[in-house]
2 protein chains.
Amino acid sequence: MDRYGHYFKALRESKGLTLREVERQTEVSNAYLSQLESGKVKQPSPNTLYKLAQFYKVSYQMLMEKVGYPVPKGDRPLQEQSVSNVAKNKLGEITNEEEVELLQYLKFIRNRKQ
Amino acid sequence: MDRYGHYFKALRESKGLTLREVERQTEVSNAYLSQLESGKVKQPSPNTLYKLAQFYKVSYQMLMEKVGYPVPKGDRPLQEQSVSNVAKNKLGEITNEEEVELLQYLKFIRNRKQ
DNA sequence: AAGCTTTGCTTGGTATTGCAAGCAATTTTT
DNA sequence: AAAAATTGCTTGCAATACCAAGCAAAGCTT
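As a convention, each chain's residues are numbered from 1 in the sequence order in which they are written. Here every chain gets a letter starting at A, and every ligand a number starting at 1, in the order they are written. In view of the model being predicted, local features appear only for residues whose pLDDT reaches at least 70, and side-chain atom pairs are presented and counted only at 80 or more, with totals across whole chains, interfaces and linings using the full set of residues. By convention in this description, side-chain values take in all heavy atoms of the structure and omit both hydrogens and water.

In the annotation of an unreviewed UniProt entry, the entry for chain A reads Transcriptional regulator with XRE-family HTH domain, and the organism field reads Algoriphagus iocasae.

Caption draft 1: Fine view of the packing of aromatic side chains. Ring pairs are drawn from Phe, Tyr and Trp, using the six-membered ring of Trp, whenever the two centres fall within 6.5 Å, and their geometry is named by plane angle: stacked under 30 degrees, edge-to-face over 60, tilted for the rest. As enumerated under the stated definition, the model contains eight aromatic pairs over all chains in all. Measuring from ring centre to ring centre gives 6.0 Å for Tyr4(B) and Phe8(B), while their planes differ by 85 degrees; the resulting arrangement is edge-to-face. The same class applies to Tyr4(B) and to Phe8(B), which are both buried. Clustering of aromatic rings is evident, with ring pairs tying together Tyr4(A), Tyr7(A) and Phe8(A). As a reminder, the over-ring test applies to NZ of lysine and CZ of arginine, requiring each to be within 6 Å of the ring centre and within 35 degrees of the ring normal. Across the ring face of Tyr7(A), the terminal group of Lys66(A) is positioned such that the distance to the ring centre comes to 4.2 Å. For the exposure calls, accessible area comes from a 1.4 Å probe over protein chains only, and a residue counts as buried if that area is under 20% of its type's maximum, exposed if over 50%, partly exposed in between.

Caption draft 2: Fine view of the nonpolar core. Formed by 45 residues in total, the largest nonpolar core has its most connected members in Leu49(A), Leu52(A), Leu49(B), Leu52(B), Val58(B) and Leu63(B). Numbering goes from the N terminus for both helices and strands, where a helix is a DSSP run of H or I of at least four residues and a strand is a run of E of at least two. Of all the secondary structure elements, the ones that give two or more residues to this core are helix 1 (5-14), helix 3 (30-37), helix 4 (46-56) and helix 5 (60-66) of chain A together with helix 1 (5-13), helix 3 (30-37), helix 4 (46-56) and helix 5 (60-66) of chain B. Per-element tally for this core: the top contributor is helix 4 of chain B, with six residues. Only buried residues count toward a nonpolar core. Its members are Ala, Val, Leu, Ile, Met, Phe, Trp, Tyr and Cys residues joined through side-chain atoms within 4.5 Å.

Caption draft 3: Quick look at the protein's contact with DNA strand D. When we say a residue is near a molecule or strand, we mean one of its heavy atoms is within 4 Å of it. Asn30(A), Tyr32(B), Lys42(B), Gln43(B) and Ser45(B) are the nearest of the 23 residues found near DNA strand D. Near the protein, within 4 Å, the atoms of DNA strand D are sugar or phosphate in 61% of cases. The definition of a polar contact used here is a pair of N or O atoms within 3.5 Å, where within protein one atom must be able to donate a hydrogen and the other to accept one, and adjacent residues in sequence count solely through side-chain atom pairs. Arg12(A) is positioned with one of its side-chain polar atoms (N or O) 2.9 Å from a phosphate oxygen of DNA strand D. The separation between a phosphate oxygen of DNA strand D and a polar side-chain atom of Lys40(A) is 2.5 Å. If you list the elements that add at least two residues to the surface near DNA strand D, you get helix 1, helix 2 (19-26) and helix 3 of chain A together with helix 3 of chain B. In terms of residues, the surface near DNA strand D owes the most to one element, helix 3 of chain A, which gives four residues. Residues were grouped as follows: Ala, Val, Leu, Ile, Met, Phe, Trp, Tyr, Cys and Pro as nonpolar; Asp, Glu, Lys and Arg as charged; and all remaining residues, including Gly, as polar. Partitioned by chemical class, the residues of the surface near DNA strand D number seven nonpolar, nine polar and seven charged.

Right under this line is the structure:
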């Protein structure tokens with residue numbers, strides 16, 4: 001049940017802060033912080049994690065990982081970003097003709113709006 | 001209320017899939033998918049977003065951002081994978097609305113061919 | 001045409017996030 | 001030492017994520 005609760009607690013105590021002190025600066029209630037530190041919360045929202053990451057000056061991604069959210073695959077550089085590659089990743093195969101039609105349609109959309 | 005619902009719907013329909021087909025492959029219920037696409041969900045969990053990102057072959061980070069979760073600026077991919085990139089090189093940036101329209105139009109193109 | 005299947009959608013329910021309010025124990029102030 | 005403030009913590013509650021089950025409409029099959 002409590003896998004990372006003690007981590008948040010250690011983080012706070014290492015800085016000698018009270019629950020209410022953290023509450024004031026992060027806008028996360030002391031009630032919830034207490035539950036968080038004692039392992040009563042399963043997966044705090046990214047919004048909450050972000051506030052805590054900012055405040056404690058730790059990596060947001062690391063917190064996400066710690067509570068069990070999937071993290072983006074690798075920080076490796078993305079592959080070449082040619083139009084066809086991007087289109088393939090996104091839409092499955094897309095033909096040249098389809099791409100041309102999409103581009104023309106985009107022009108149409110824009111002209112229509114004014 | 002709904003800002004990204006249309007987007008998920010366009011994504012699914014551009015591939016000509018049913019709610020239940022997506023359910024089978026992503027393990028996200030068709031009930032929830034329906035709610036998601038009609039703007040009845042505020043912030044689907046990262047877990048759900050990850051499944052959909054994998055399945056639709058779009059960037060997980062981009063979905064996170066789309067539904068309003070904080071995304072660390074430094075860790076963001078240099079260029080996001082999206083339909084907009086199909087056109088970006090040639091026509092510059094496109095808006096979310098335009099992207100949705102393009103996805104829908106792609107669906108139309110593909111269905112038109114019998 | 002009458003059944004069977006598939007479609008998107010709604011509804012009722014469970015689980016969880018996150019908080020306001022309050023409590024007992026400890027610390028600080030007077 | 002009494003009063004006041006501060007501490008971590010619990011509890012009830014509102015909001016929301018997510019799903020199983022079911023529904024009406026539309027599509028197929030015979």
